[in-house]
2 protein chains.
Amino acid sequence: MQESSIVESKARSNPETPLLGRLRQMIVTGVVQPGDLLAETALAQDFEVSRTPIREALKQLEREGLVEVRARVGTFVRKPTQREIHEMFSLKEAFEGLAAGLLARRGAVPELDQLKENVARSQQAVERGDAELYSQLVHEFHSTLVAGADNRKLSEHYDLLMNQLAYHRIVSQTLSLPGRLQNSKDEHQAIIDAISSKDPLAAELVMRRHVAASSQSAALAAMKEEDEEQPG
Amino acid sequence: MQESSIVESKARSNPETPLLGRLRQMIVTGVVQPGDLLAETALAQDFEVSRTPIREALKQLEREGLVEVRARVGTFVRKPTQREIHEMFSLKEAFEGLAAGLLARRGAVPELDQLKENVARSQQAVERGDAELYSQLVHEFHSTLVAGADNRKLSEHYDLLMNQLAYHRIVSQTLSLPGRLQNSKDEHQAIIDAISSKDPLAAELVMRRHVAASSQSAALAAMKEEDEEQPG
DNA sequence: TTGAACTCTCTTGCATACAAGAACTCTATC
DNA sequence: GATAGAGTTCTTGTATGCAAGAGAGTTCAA
C-alpha cells in the first residue's frame, strides 16, 4: 500500500544503489548497533563486491549522519546524542507542520482518503490493543501526510531526518507508554478534520501540537533506553 | 566576522575535504554553469589528485542536489527546476520561521546583538543605495538568525537548502527590484523587535511573512533569468 | 608492578588499470 | 539528401595494489 519511505523513497533519475539501501536498512532497523565497526573489507566480502562501492555507500551514510568515518581507524555506526534527538524533533515538528498546511491547501487528494482509512484501521488496532500494528499505522500516517504535501524537497529532507532518528524504533518504544495510544489516535483524527476543512493554519497548528506531544514521549523513551544501557 | 556559511559551516568531527568545498563553491558561485560537464579525469588533472577523491566529492555533490551523475555518460551541474525552487522557498520559510521562534525563546544572546548591528549597517547601505553591500548584509542577517537558533541539525538542513538554491546569486538579482531594499530592511527590524520581546509565535510569524515576501521576489527573478536564457 | 617503547595488525586514503556502456562521427547504402 | 550501421572515443563503474596512520599488544627495563 504505502511505500516504506524510511528506507527508500526517492524517485530520482538515479535509482539508489541496492548496496546503500541495504546498508542503511541495517543501521536504521538496528541489525548493526551504534558503536559497531563497519569495516570496508569485511562488508566487501559479505556483499561480494570490491571495497570501492562499499566505500561510496559508507561515505554517503556518513553524510546522512548514520555513521562516522574516522580516518584510518574505522567506520562506526553513529548514535545521535540526546541533544541531537531533541533538535531533530524540533525539525520534525516544523516539517510535518509545513506538510499539514500544504496538504490542507491542496484540498481533496487521494492522500487525504488514505489518512482517513488509516485512522479507521488505527481505531481497530487500539480496540484490539495491538501496539505493533498501531505503531506501523502511525508510521504510515505520518509518511502519507508528508507525501500528500506534494513537495519533493520536503520529502527528501524529511526522509533524511527520519533515517537519522531511526524513527520507527523510537516510536514503537514510545507507544508502550500507557494511554498514549488512544491520545495519538484522537490527535490524528483532529489533524484530518483540520485538513478536511481546508484550513492550513489550523492544520499546521494541530499537527505541530501532535508532533510536540509525541516527541516528548519519544524523547522520554530514548532517554530511558539510554539509562538502561548505562545504569551506572 | 560571520563565516561564509554557504560554502563552509559545519563543525563536524571530520573536517570537510578541501576538494569538496572548492568544487561546491565553483557551482554555487557560478564558475561552472548548469549543464556543464564535470568530467572526473579533467578535474583530477586540474586538482592534481587521482579520480578517486574527485569521485567522492562529486558523489557528495550529487546527494546535495548540485550535480547529476548519469552513469557512464557524465556528471553535470544541475539547475533546479521552477517547481523545485518553489518547493525550496517553502522549506526556507519553515526553516527560518523555526529559527526565529527558537531564537526568541533563547532571549538575549550574542546573535541578537549581531542582528541589530546588521540592521544598522543595512540602513546605511540603503541610504547609500549600495545594493551589493546590502545583498551581503541580507545574507549575513539570515545566516546569523539561523545560527542563533542554536540548533545544529537545523543549520545542517538549512545549509543544504541554501546551497541548492545558490542563494546569494538569486538574492542579488532579487534586490534589484525597485523598492525591495527599504521594505526588506523594515521587515528585518520587525523581526528583531519580535525576537527581542521574546515572543516566539510572533517572531515566527513575522519571519515567515518576510521570507514569503522575498521568496516571491526571488522566484520572480529566477523566472526572469529563465526567460532571458531561452527567449524563444 | 608500572611504564615506556617498539612492533605488528588492522583500518581507511589514494592511485591506477581495466571493464562496460553511452553517444557521437563517419561511412556506406538506398 | 536521408538513414542505418559500425567503429571510435569519451564517460563513469569496479577491482586491486600500495601507502600511511592509528591503536592494540608485547616486551623489556626500572
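- As annotated in an unreviewed UniProt entry, chain A carries the name GntR family transcriptional regulator and is attributed to Glutamicibacter mishrai.

### Quick word on the protein's contact with DNA strand C
Working step 1: Neighbouring DNA strand C are 21 residues, the closest being A:Glu40, A:Arg51, A:Arg55, B:Ser50 and B:Thr52.
Working step 2: Looking at DNA strand C alone, sugar and phosphate atoms form 70% of those within 4 Å of the protein.
Working step 3: In the model, a phosphate oxygen of DNA strand C is placed 2.6 Å from a nitrogen or oxygen of the B:Ser50 main chain.
Working step 4: Here a base nitrogen of DNA strand C and a side-chain polar atom of B:Arg72 are 3.2 Å apart.
Working step 5: Contributions of two or more residues to the surface near DNA strand C are made by helix H3 (51-63) and strand E2 (74-77) of chain A together with helix H3 (51-63) of chain B.
Working step 6: Considering only residue class, the surface near DNA strand C consists of nine nonpolar, four polar and eight charged.

### Some points on the layout of surface pockets
Empty pockets left among the atoms are what a rolling probe the size of a water molecule brings to light.
Working step 1: Reported here for the second largest pocket is a volume of approximately 1600 Å³.
Working step 2: Along the wall of the second largest pocket there are 49 residues; nearest its centre are A:Glu204, A:Arg208, B:Leu98, B:Glu204 and B:Arg208.
Working step 3: For the lining of the second largest pocket, the secondary structure elements donating two or more residues are helix H4 (82-106) and helix H10 (200-229) of chain A together with helix H4 (82-106) and helix H10 (200-229) of chain B.
Working step 4: With twelve residues, the top contributor of residues to the lining of the second largest pocket is H4(A).

### Focus: the protein's contact with DNA strand D
Working step 1: Close to DNA strand D lie 21 residues; A:Ser50, A:Thr52, A:Arg72, B:Arg51 and B:Arg55 are nearest.
Working step 2: Counting only atoms of DNA strand D within 4 Å of the protein, the sugar-phosphate share comes to 67%.
Working step 3: One of the side-chain N or O atoms of A:Ser50 is found 2.6 Å from a phosphate oxygen in DNA strand D.
Working step 4: Separating a phosphate oxygen of DNA strand D from a side-chain N or O atom of B:Arg55 is a distance of 2.4 Å.
Working step 5: Going through the elements one at a time, H3 of chain A together with H3 and strand E2 (74-77) of chain B are the ones with two or more residues in the surface near DNA strand D.
Working step 6: Along the lines of polarity and charge, the residues of the surface near DNA strand D split into eight nonpolar, four polar and nine charged.

### As for the environment of B:Leu58
Residues and elements named next belong to chain B.
Working step 1: With respect to the helices and strands, Leu58 occurs in helix H3.
Working step 2: Sequence separation of Leu58 and Arg24 is 34 residues, and the distance between their C-alpha atoms is 9.1 Å.
Working step 3: Excluding residues within four positions of it along the chain, Leu58 makes contact with Leu23, Leu38, Glu40, Leu43, Val67 and Thr75.

### Observations concerning the pairing of strand E1 (residues 67-70) of chain B
Residue and element names in this part refer to chain B.
Working step 1: Side chains of E1 alternate between two faces, with Val67 and Val69 buried and Glu68 and Arg70 left unburied.
Working step 2: Bridge analysis of E1 against E2 gives four bridges, and the strand direction is antiparallel. Bridging from a neighbouring strand, Val67 pairs with Val77 of E2.
Working step 3: Count of turn residues in the E1/E2 antiparallel hairpin: three residues, of which Arg72 carries a positive phi of about 60°.

Conventions and cut-offs
- Residues numbered from 1 in each chain as written.
- Chains lettered and ligands numbered in written order.
- Predicted model: local features only at pLDDT ≥ 70, side-chain atom pairs only at ≥ 80, totals over all residues.
- Heavy atoms only, no water.
- Near = heavy atom within 4 Å.
- Polar contact = N/O pair within 3.5 Å; in protein donor to acceptor, adjacent residues only side chain to side chain.
- Helix = DSSP H or I, 4+ residues; strand = E, 2+ residues; numbered from the N terminus.
- Nonpolar A, V, L, I, M, F, W, Y, C, P; charged D, E, K, R; others polar.
- 1 Å grid on protein atoms, 1.4 Å probe; cavity = no way out; pocket = protein on both sides within 12 Å on 5 of 7 lines; lining within 4 Å.
- Points joined across faces, edges and corners; volume = space filled by probe spheres on them.
- Contact = heavy atoms within 4.5 Å.
- Buried < 20%, exposed > 50% of the residue type's maximum accessible area, 1.4 Å probe, protein only.
- Pairing = 2+ DSSP bridges.

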